[in-house]
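# Examining the three-dimensional arrangement
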Number of protein chains: 2
Amino acid sequence: MNTEWVTTYGLVPTPVFTCVCPWFSIGIGGGTSGVSDMSGLRHHNRWIYCYMDQRLSALFSRRSVRKYTGKPVSEADVKALLEAGMAAPSASNRKPWHFVAVTEPARLAQLAAIHPHGKMLSSAGLCMAVCGDRDISPDFWVQDCSAATENILVAAAMLGLGAVWLGAHPRAERERDLKQRLGVPENVGLLCLVAVGHPDEYPDARTQYDEQRVHRNRW
Amino acid sequence: MNTEWVTTYGLVPTPVFTCVCPWFSIGIGGGTSGVSDMSGLRHHNRWIYCYMDQRLSALFSRRSVRKYTGKPVSEADVKALLEAGMAAPSASNRKPWHFVAVTEPARLAQLAAIHPHGKMLSSAGLCMAVCGDRDISPDFWVQDCSAATENILVAAAMLGLGAVWLGAHPRAERERDLKQRLGVPENVGLLCLVAVGHPDEYPDARTQYDEQRVHRNRW
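Conventions used here
- Residues numbered from 1 in each chain as written.
- Chains lettered and ligands numbered in written order.
- Predicted model: local features only at pLDDT ≥ 70, side-chain atom pairs only at ≥ 80, totals over all residues.
- Heavy atoms only, no water.
- Contact = heavy atoms within 4.5 Å.
- Buried area = accessible area lost by both parts, 1.4 Å probe.
- Salt bridge = Lys/Arg side-chain N within 4 Å of Asp/Glu carboxyl O.
- Polar contact = N/O pair within 3.5 Å; in protein donor to acceptor, adjacent residues only side chain to side chain.
- Helix = DSSP H or I, 4+ residues; strand = E, 2+ residues; numbered from the N terminus.
- Core = buried A, V, L, I, M, F, W, Y, C linked by side-chain atoms within 4.5 Å.
- Buried < 20%, exposed > 50% of the residue type's maximum accessible area, 1.4 Å probe, protein only.
- Expected span 1.5 Å × (residues − 1).
- Least-squares fit on C-alpha atoms with pLDDT ≥ 70 in both.
- Axes fitted to C-alpha atoms, helices over the stretch in contact; angles between N-to-C directions.
- Parallel < 35°, antiparallel > 145°, perpendicular 65-115°, else oblique.
- Left-handed = near helix turned anticlockwise from the far one by under 90°.
- Nonpolar A, V, L, I, M, F, W, Y, C, P; charged D, E, K, R; others polar.
- Pairing = 2+ DSSP bridges.

### Focus on the interface of chain B and chain A
At the junction of the two partners, chain B supplies 76 residues and chain A supplies 76 residues. Each partner contributes to the roughly 7100 Å² buried at the junction of chain B and chain A, and carbon and sulfur atoms together form 58% of this total. Area buried by chain B at its contact with chain A is led by R213(B), N217(B) and W219(B), which between them contribute 12% of it. Counting across the chain B and chain A interface gives 6 salt bridges. A salt bridge links R55(B) to D77(A), with the nearest nitrogen and oxygen atoms 2.8 Å apart. Summed over the shared surface of chain B and chain A, the result is 46 residue pairs in polar contact (both at pLDDT 80 or more). Mapped onto the side of chain B that touches chain A, the elements with two or more residues apiece are α2 (57-60), α3 (75-85), β3 (97-102), α5 (141-158), α6 (172-182), β6 (188-197) and β7 (214-216) of chain B.

And the structure:
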């Protein structure tokens with residue numbers, strides 16, 4: 001039991017077997033709250049593993065985090081997030097992406113005022129605008145930039161940061177205003193903003209697995 | 001040195017400092033080839049870490065893998081990949097996705113014949129068709145399903161599987177033929193197929209970080 005975590009975040013252990021495990025169950029775990037595993041991820045409750053595949057905890061730990069402490073994001077972490085984004089696959093490996101990494105507080109406040117769901121940007125340490133060059137990949141830039149965005153979000157969780165995807169494209173007005181503010185060229189789409197900061201809330205890891213969305217061999 | 005790996009895959013260590021490290025360097029590592037880290041990922045050459053942030057090795061290990069041994073993908077792994085896909089974020093949390101998990105060899109061969117870049121499907125253990133319900137999320141289903149696809153690809157790497165994204169939408173003819181074969185309803189888009197199998201090739205982990213795609217504070 002890591003007492004510091006429990007004290008700091010007010011975590012309480014959840015009883016085992018509160019969750020249903022239809023046909024797959026491994027790693028019921030140690031049963032303390034606020035633990036760290038070998039990969040550096042924080043898990044506030046190991047019991048959640050009774051219905052998620054423990055090998056993928058890094059993915060389940062990626063949750064939308066909208067509250068930040070206000071502490072800056074280090075340059076090393078900014079670089080790591082960019083490396084993660086650019087490790088994504090892209091159609092025909094065209095890599096149509098561009099990233100605008102905003103860390104200046106005044107600019108973060110401006111973006112917070114533009115995006116209708118972006119208030120948290122004023123306390124974020126970083127806003128990563130994920131953009132795609134339509135000239136490079138007219139048909140697949142949205143998919144490629146979405147994969148890059150998901151990599152950035154997963155990377156943030158791996159680095160102990162919190163992040164949330166704030167959609168822009170294809171909301172025309174929102175995309176236009178953000179592009180104007182950031183100086184993004186005409187032929188480049190602005191897919192989304194990713195707000196990143198040191199988390200001040202800790203949603204539990206989860207999947208949203210739903211058997212009704214699964215079809216075997218054909219629909 | 002794990003001799004078995006070296007023997008099996010014919011890996012050779014790469015000299016240190018062959019790669020440039022402009023402004024970030026941690027974890028030069030142990031310098032053997034074919035090693036496993038605590039997360040279960042396989043890294044064929046630790047030296048690559050000299051220019052990638054070691055904390056994100058799970059993301060850099062996701063590479064497009066197109067050669068498989070033909071061994072089936074276990075039901076536990078199919079389930080884990082579905083959990084990963086459904087752990088992705090979605091606009092307004094609408095979760096427009098559906099997944100057709102194809103494991104029957106005859107059906108895999110059919111899909112291999114339809115997709116112009118899908119020959120490897122005939123030796124894959126699984127083809128996951130990632131679909132999105134336009135009625136649930138007309139404007140964001142492509143982005144949401146792309147994030148789910150990237151989660152599946154990263155999860156495959158974490159599970160020791162190899163996978164590759166085979167695009168469908170918005171290639172109209174390809175999407176139509178695949179939908180028809182899989183019985184996907186009219187209002188549902190088929191974003192892509194993900195071929196998954198036990199890998200018979202092992203591309204090195206990488207980022208494709210490119211400083212020319214990075215803008216600070218504004219474009």
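And the narrative resumes.
### Notes on the nonpolar core
Within soluble globular proteins, side chains that are nonpolar tend to cluster in buried spots. Of all hydrophobic cores here, the largest spans 84 residues; its most connected members are L81(A) and L81(B). Discounting residues that sit within four places of it in the chain, L81(A) has contacts with L126(A), M128(A), I152(A), A155(A), A156(A), L159(A), L161(A) and V196(A).

### Some points on helix α5 (residues 141-158) of chain A
Residues and elements named next belong to chain A. Over its 18 residues, α5 runs 25 Å from end to end, which matches the ideal 26 Å to within 8%, given 1.5 Å per residue. Most of α5 sits inside the fold, with 18 of its 18 residues counted as buried. Looking at the residues trailing α5, positive phi occurs at G160, about 80°.

### A few points about the relation of the copies chain B and chain A
Of the transformation superimposing chain B on chain A, the axial component is 0.0 Å and the angular component is 180°, with the fit at an RMSD of 0.0 Å. As the rotation angle and translation indicate, the two copies are arranged about a two-fold axis. Comparing interface residues between copies, 100% of those in chain B also lie at the interface in chain A; the contact surface is shared.

### As for the side chain of T207(B)
Structurally, T207(B) can be placed in the loop between β6 and β7. Residue class for T207(B) comes out buried when judged on its relative accessible area of 9%. A distance of 2.8 Å separates a polar atom in the side chain of T207(B) from the backbone oxygen of E83(A). Within polar-contact distance, the side chain of T207(B) engages the backbone nitrogen of Y209(B) at 3.1 Å.

### A few points about the packing of α3(B) against α5(B)
All names here are of chain B. Running from N to C, α3 and α5 cross one another at 140°; their axes reach a closest spacing of 7 Å. Compared by their axis directions, α3 and α5 come out oblique. Of the two possible hands of crossing, α3 and α5 adopt the one that is right-handed. Counted together, L81, A84 and G85 of α3 and A148, N151, I152, A155 and A156 of α5 form the full contact between these two elements. The residue makeup of the contact of α3 with α5, split by class, is 6 nonpolar, 2 polar and no charged.

### Focus: the pairing of β3(B)
In terms of residue burial, β3(B) counts as a mostly covered element, since 6 of its 6 residues are buried. Burial along β3(B) is two-sided: W97(B), F99(B) and A101(B) and H98(B), V100(B) and V102(B), pointing in opposite directions, are all buried. Pairing geometry for strand β7 (residues 214-216) of chain A and β3(B), over 3 bridges, is parallel. Its bridge partner lying in β3(B), V214(A) is registered against F99(B). Judged from the 6 bridges that link them, β3(B) and strand β4 (residues 126-133) of chain B form a sheet pairing that is antiparallel.

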